[in-house]
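Breakdown of the fold
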Amino acid sequence: MIQRPATLLIPSILAFTLLLAGCGAGTDLAQRPPPGYVGEVGARVSAVDWAQARPVTVQLDEFRFQPDRLAFERGTPYRLTLENRGTVAHTFTSEGFFKAIAVRRVTTAQGAVETPALVNLEIPAGQTDVVEFVPVEAGTYDLACHEPLHSSFGMTGTITVR
């Protein structure tokens with residue numbers, strides 16, 4: 001059996017991780033809410049004053065969300081800015097949270113999508129995406145980056161809706 005020094009193993013793991021980083025899940029927005037998502041999205045987003053939307057910014061980089069704990073109030077409009085300051089793509093994924101909000105608009109480098117149901121948001125390196133939404137259902141939801149191994153390296157968080 002050949003034994004490798006630990007100093008050779010660490011660069012190999014890092015190289016493998018960066019190779020996998022390019023194999024992401026991609027942004028996935030559904031025009032029709034899948035089962036389990038809040039209904040009447042159009043009416044919900046029309047009922048709030050978007051001039052009063054509260055700004056929240058989350059920075060994504062290797063391998064963390066800053067902040068990694070988010071709190072929102074039901075019925076309050078928010079403008080969530082997701083800034084990827086890293087060198088690889090990252091996702092902002094929270095199935096439970098995505099099901100509990102009414103999304104007005106998602107704006108990416110490719111343009112804006114009105115009233116989508118969020119399934120997965122992938123933010124390429126150096127890109128900023130914006131999600132305008134109203135929380136509908138209270139709860140505590142897990143947040144993770146679903147790029148390979150990123151959550152294993154600590155890219156996780158919690159979202160609370162009160």
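Within each chain, residue numbers correspond to sequence positions counted from 1 in written order. In keeping with the predicted nature of the model, local features appear solely for residues at pLDDT of at least 70, side-chain atom pairs appear and are counted solely at 80 or more, and the whole-chain, interface and lining totals rest on all residues. Side-chain numbers here rest on the full set of heavy atoms in the structure, without hydrogens or water.

1. Re the nonpolar core
The cut-off we apply is this: What makes a nonpolar core is a set of buried Ala, Val, Leu, Ile, Met, Phe, Trp, Tyr and Cys residues whose side-chain atoms join them at distances within 4.5 Å. Residue burial is assigned from relative accessible area. The probe radius is 1.4 Å, only protein chains are included, and a residue is buried under 20% of its type maximum, exposed over 50%, and partly exposed in between. In this description a helix means any DSSP run of H or I spanning at least four residues, a strand means any run of E spanning at least two, and both kinds are numbered starting from the N terminus. For this analysis, residues touch if any pair of their heavy atoms sits within 4.5 Å.
Within the largest apolar cluster, 31 residues are counted, with the highest numbers of intra-cluster contacts made by Phe72, Leu82, Phe92, Phe97, Leu121, Val131 and Phe133. Sorting elements by how many residues they give to this core places strand 9 (residues 117-123) first, with 4 residues. The residues touching Leu121, leaving out its near neighbours within four places in the chain, are Thr27, Leu29, Leu82, His90, Thr91, Phe92, Thr93, Phe98, Val106 and Val131. In this structure, Val38, Trp50, Ala102 and Val134 belong to the second largest nonpolar core, which totals 9 residues.

2. Digging into unusual backbone geometry
Glu62 connects to Phe63 through a cis peptide bond whose omega is -10°. Counting through the fold element by element, Phe63 comes out in the loop between strand 2 (54-61) and strand 3 (64-66). Residue Pro67 follows Gln66 across a cis peptide bond; omega there is -5°. With respect to the helices, strands and loops of the structure, Pro67 is situated in the loop between strand 3 and strand 4 (69-72). Residues other than glycine seldom take positive phi values, yet Glu40 does so here, at roughly 50°. Take Glu40: it is sitting in the loop between strand 1 (28-30) and helix 2 (41-46). Here the phi dihedral of Thr115 falls at roughly 40°; this positive angle occurs in a residue that is not glycine. The topology assignment puts Thr115 in the loop between strand 8 (111-114) and strand 9. We classify Thr115 as partly exposed; its relative accessible area is 31%.

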